[in-house]
Structures are given as C-alpha cells and as structure tokens.
Amino acid sequence: MNEPAVFILWGDRSLPKVTQHMMEGRGGDHREAHNVYGLLQAEAAYESLCNYRPDQRPFIVSRAGWAGLQRYAWTWTGDIECTWEALRQTIATVVGLGLSGIPYSGPDIGGFQGNPSAELYLRWFQVSTFLTFYRSHCSNNVEYRAPWTYGEPYLSMIRDFLHLRYRLLPYFYTLSWEATQKGYPPVRPVFWLDSSDSRLWDVEDAFCLGDALMVCPVLEDGVREAKLSRRESREIILPKGRWYNFWNDAVYEKVQQVNIDAHLEQIPLLVRAGTVLPMEEGDKLILHIYPPVEGASESFLYSDAKDGYGDSRIDKFRLLRDENGLEITWEEEGNYPFSYGNVEVHLHGMKLQQVWVDGNEVSVESQQIEVGRFQKVRFQGEIV
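None of these values were measured; they are calculated from a predicted model.

Details of the overall build of the chain
Right, on to step 1. In terms of helices and strands, the chain carries 5 helices and 22 strands.
Right, on to step 2. Over its C-alpha trace the chain gives a radius of gyration of 23 Å, about what one expects of a compact globule, namely 21 Å for 384 residues.
Right, on to step 3. When the backbone C-alpha atoms are referred to their principal axes, the chain occupies close to 75 × 55 × 40 Å.
Right, on to step 4. Evaluated residue by residue, the chain yields a buried proportion of 48% over its 384 residues.

Pasting the structure below:
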C-alpha cells in the first residue's frame, strides 16, 4: 500500500497534515512527505531485490509514489468505486499517468468499493484487456466476485477477452520495449496519432494501445444486443487515415466520425492501416497484415527470455504497397533465438490472388498462409 495510512471509518485516512517529518534533516510536514514516503519505499524494495536477485528483474506494484516512481514500480488506480462514472474516469487516469512518465498502470477490474452488475464487470474486463495492469480485485467488505461469478453468457465473453489478451502478448511486450527505448507509454491518448487535430484533444472515451490499435470501450449501461431493444453501437471520432475493424475487417476511411457495433460480447477495436500486428497461439507466431494506404510502413516485434538482462532480438517488418500489390520484408537483429515453431500470415483488407514467398509462388486457398520464416513475401490481389 506504500503510504502512511490509518484505518478509520470517516475523514482523511492519512496521517494529519501537520505531522512533522525529518526529510533528511531539513524538516517538513505530511503534505510533502505522504507520497514521497511511497516513492522511497518502492526505491528501497527495488534496490533490495536487485541485490538479492541480480539476474532477475524486480517486479513491484506500489499504490503510492511521487515523480520518478516509474524507475522502481508499477501502480494502480486505487480504491475506486464500482460505477460507470469510475470506469470512464479510469481511462483518463491511466492515460494521464502514462503521459506523466508512468507507463504501467490500471484499475482493479470491476472497481474496488461496491458490487458491480454483470454488465459493468464485463465492460470493465473488456477495457482492462488492453491496459498494462490486468487484475480482478475488490474490497474485503463487498460481495466476492470473479469472472465466473456471473455465470453465462458473461463467463464465455470474459474468457474470450482473456484469450485475446494472451494472444496479444507479443504486441504488449514490444510496447514495453519501446517504453524503455523512447519513454512512450503503451496506453496513449487518441491525439497522440495527430496532435494537430483539435477534434481529438477532448476524446476521453477511447485510447490507443501503441500506434496500431484504437480501443473504444463501452462506458455506459445498456449498450448491448439489439434483441433486448437497447442501443447496440457507440459513436467514435476517428483520427485521419484508414482504419480496419478488428472483428470483421470493415474499413473506415475519409470519415471523421462513425457509429460502430458494440454488442455485449465486443467493444469497438480498430487497427491502423500499415500495421503488422504480431499475435501468438501456442508456439505459432501470427502476423496480421493491414495494408498501408500508400507507400511504406514499419512494425516491430521484440523478444527475449522474459526475465533477466540477457540476449534479445528485434524482428522488423516493412510493408510496401505499390500499384502491383503488397510486399512485406522481414529483417532480424539480435542474438536471442527465434522462439516460435511456425509462422502464419493473415492478410486483411485485400482479396488474395497470388503469393510469392522468397520468390517462389505458393498456392492460395484463403487469407491465411503458413509461410515459416521468410525474407520477402509478395501479395497480388485487390485492395478492398
């Protein structure tokens, strides 16, 4: 919990603000010391774990901190209420923490204080699937809850999103590497993609996961299946460019605002054109390719042993769209061995006619091709 606290039924649960602290000899009251205490405790824990296990990465989650906390710990959004308003606020909180230099954060799924409805818990789980911190948790004085608490159909819907989370881990891991290299938060405001577009400045009901995915959660009650005679879509402000619907490959281009289906089992999830989205199933790497509008684009996949400070590798994928089709090239860098047994390519937004893998034509029966590791794949077909 990491900050000085007192367990009382009402009032300020911290120490009195006039409480005096040494502050390394200069003195100060609790208004300054409260969060600094959490930062210093996280730092002490980090240094201790580094000394005890020098070949492993420390993992610390701290509820409190101050500027610089990201050097030592993750954090979460604290004892939030189980309400739709709190779910909406969660997005602004996580985005704000990321812009403030803390890349890893998230809420307790469902909220902490209170008893969420099945629909609210499901929608909270769907949002959290695309945040870095992914935990279902609650207070000890509320009704117990877990993904299976609400029965069907909610359990199956939650399970589907949990499976999606695991399939997306290569992308999440690459975003974590990018955070160490550039300081970019994995969870980003929509205006990150085009800060000159004033339409995006006030968007607080959607966010980007990296530059490839735009997540548009459902943040109000009753946006669900049409057979229940309730709303089944939500309005989305789109950044410029071409976007693909993750669920059905519908294309949105040259429009500023759209309404997208938001049935109970899904939330709108969009993929930016020009993306190679890495996903995994078992020991199989699946490269989901979304052609760029024109010209070239690059995507990366970072991998290592998942702990420690040993070898790593970067796989760089470059897409090139020209008048004759689409080409993807693969460059490998680093000493860490490739950890997948098979590689598949799933092509979106293009009706395939012919495919060449490293100069050799292969048969085309669907949009999915098992290719193994390659240097260059060329696709010929019709962009849809």
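A look at the side chain of Thr 132
Right, on to step 1. With respect to the helices and strands, Thr 132 occurs in the loop between α3 (118–128) and β4 (135–136).
Right, on to step 2. Overall, Thr 132 belongs to the buried group, its relative accessible area being 9%.
Right, on to step 3. Separated by 3.1 Å, the side chain of Thr 132 and the backbone nitrogen of Ser 105 make a polar contact.
Right, on to step 4. Thr 132 has contacts with Trp 74, Pro 103, Tyr 104, Ser 105, Arg 165, Phe 172 and Pro 186, leaving out every residue within four places of it along the chain.

With respect to the side chain of Thr 75
Right, on to step 1. Relative to the elements of secondary structure, Thr 75 occurs in the loop between α1 (30–52) and α2 (84–99).
Right, on to step 2. Leaving out residues up to four positions away in the same chain, Thr 75 has contacts with Val 61, Ser 62, Arg 63, Leu 69, Leu 97, Ile 102, Tyr 104, Ser 105, Gly 106 and Phe 133.

Here we look at the nonpolar core
Right, on to step 1. The biggest cluster of nonpolar side chains holds 46 residues, and the ones touching the most others in it are Phe 130, Leu 168, Phe 207, Leu 209, Leu 213 and Phe 246.
Right, on to step 2. Listing elements by their share of this core, those giving two or more residues are α2, α3, α4 (154–167), α5 (169–182), β6 (207–209), β7 (213–215), β12 (269–272) and β13 (275–281).
Right, on to step 3. A total of 7 residues in this core trace back to one element, the largest contributor, which is α3.
Right, on to step 4. Discounting chain neighbours no more than four positions away, the residues touching Phe 130 are Phe 161, Leu 164, Arg 165, Leu 168, Phe 172, Val 187, Phe 207, Leu 209, Val 215, Ile 267 and Leu 269.
Right, on to step 5. One finds Ile 289, Leu 352, Val 371 and Phe 374 within the second-largest nonpolar core, a separate group that totals 24 residues.

Digging into the sheet that holds strand β5 (residues 187–188)
Right, on to step 1. The antiparallel open sheet is built from 6 strands, whose spatial order is β5-β6-β7-β12-β9-β10. In this open sheet, the two edge strands, each paired with only one partner strand, are β5 and β10 (251–253).
Right, on to step 2. The sheet contact formed by strand β9 (residues 242–245) and β10 spans 3 bridges and is antiparallel. Pairing of Trp 243 across the sheet is with Tyr 252, part of β10.

Things to note about α1
Right, on to step 1. In this model, α1 (23 residues) spans 32 Å end to end at C-alpha, consistent with the 33 Å of a helix rising 1.5 Å per residue.
Right, on to step 2. At Val 36, α1 shows its largest kink, close to 30°.
Right, on to step 3. Taken together, the buried positions of α1 are His 30, Ala 33, His 34, Val 36, Gly 38, Leu 39 and Ala 42.
Right, on to step 4. Considering only its buried residues, α1 is in contact with β1 (20–21) and β2 (28–29).

Observations regarding a nonpolar patch on the surface
Right, on to step 1. Among the surface-exposed residues, Leu 162, Tyr 166 and Leu 169 lie close enough to one another that they form a single nonpolar patch of about 270 Å² accessible area.
Right, on to step 2. With respect to the helices and strands, the residue Tyr 166 is situated in helix α4.
Right, on to step 3. Given a relative accessible area of 52%, Tyr 166 falls into the exposed group.

Thoughts on the pattern of salt bridges
Right, on to step 1. Summed over the entire model, instances satisfying the criterion amount to 22 salt bridges.
Right, on to step 2. In this structure, Lys 284 and Glu 344 form a salt bridge, with 2.9 Å as the shortest nitrogen-oxygen distance. Of this pair, Lys 284 sits in strand β14 (residues 284–290) while Glu 344 sits in strand β18 (residues 342–347); the two residues are 60 residues apart in sequence, bridging distant segments of the chain.
Right, on to step 3. Relative accessible area serves as the criterion here: at 11%, Glu 344 is assigned to the buried category.
Right, on to step 4. Where Arg 373 meets Glu 332, a salt bridge forms, and the shortest distance between an N and an O atom there is 2.7 Å. Pair noted here: Arg 373 is in the loop between β21 (368–370) and β22 (376–383) and Glu 332 is in strand β17 (residues 325–334), with a separation of 41 residues, a long-range link.
Right, on to step 5. Residue classification places Arg 373 among the partly exposed positions, given a relative accessible area of 46%.
Right, on to step 6. One salt-bridge network, held together by shared partners, links Arg 313, Asp 315, Glu 332 and Arg 373.

How each quantity is defined
- Residues numbered from 1 in each chain as written.
- Predicted model: local features only at pLDDT ≥ 70, side-chain atom pairs only at ≥ 80, totals over all residues.
- Heavy atoms only, no water.
- Helix = DSSP H or I, 4+ residues; strand = E, 2+ residues; numbered from the N terminus.
- Rg over C-alpha atoms; globule rule 2.2 N^0.38 Å.
- Buried < 20%, exposed > 50% of the residue type's maximum accessible area, 1.4 Å probe, protein only.
- Polar contact = N/O pair within 3.5 Å; in protein donor to acceptor, adjacent residues only side chain to side chain.
- Contact = heavy atoms within 4.5 Å.
- Core = buried A, V, L, I, M, F, W, Y, C linked by side-chain atoms within 4.5 Å.
- Pairing = 2+ DSSP bridges.
- Expected span 1.5 Å × (residues − 1).
- Bend = angle between axes of the 7 residues up to and from the residue.
- Patch = residues over 30% accessible without salt bridge, like charges linked within 9 Å, V, L, I, M, F, W, Y side chains within 5 Å.
- Areas by Shrake-Rupley, 256 points an atom, 1.4 Å probe, with all protein chains shown as cover.
- Salt bridge = Lys/Arg side-chain N within 4 Å of Asp/Glu carboxyl O.

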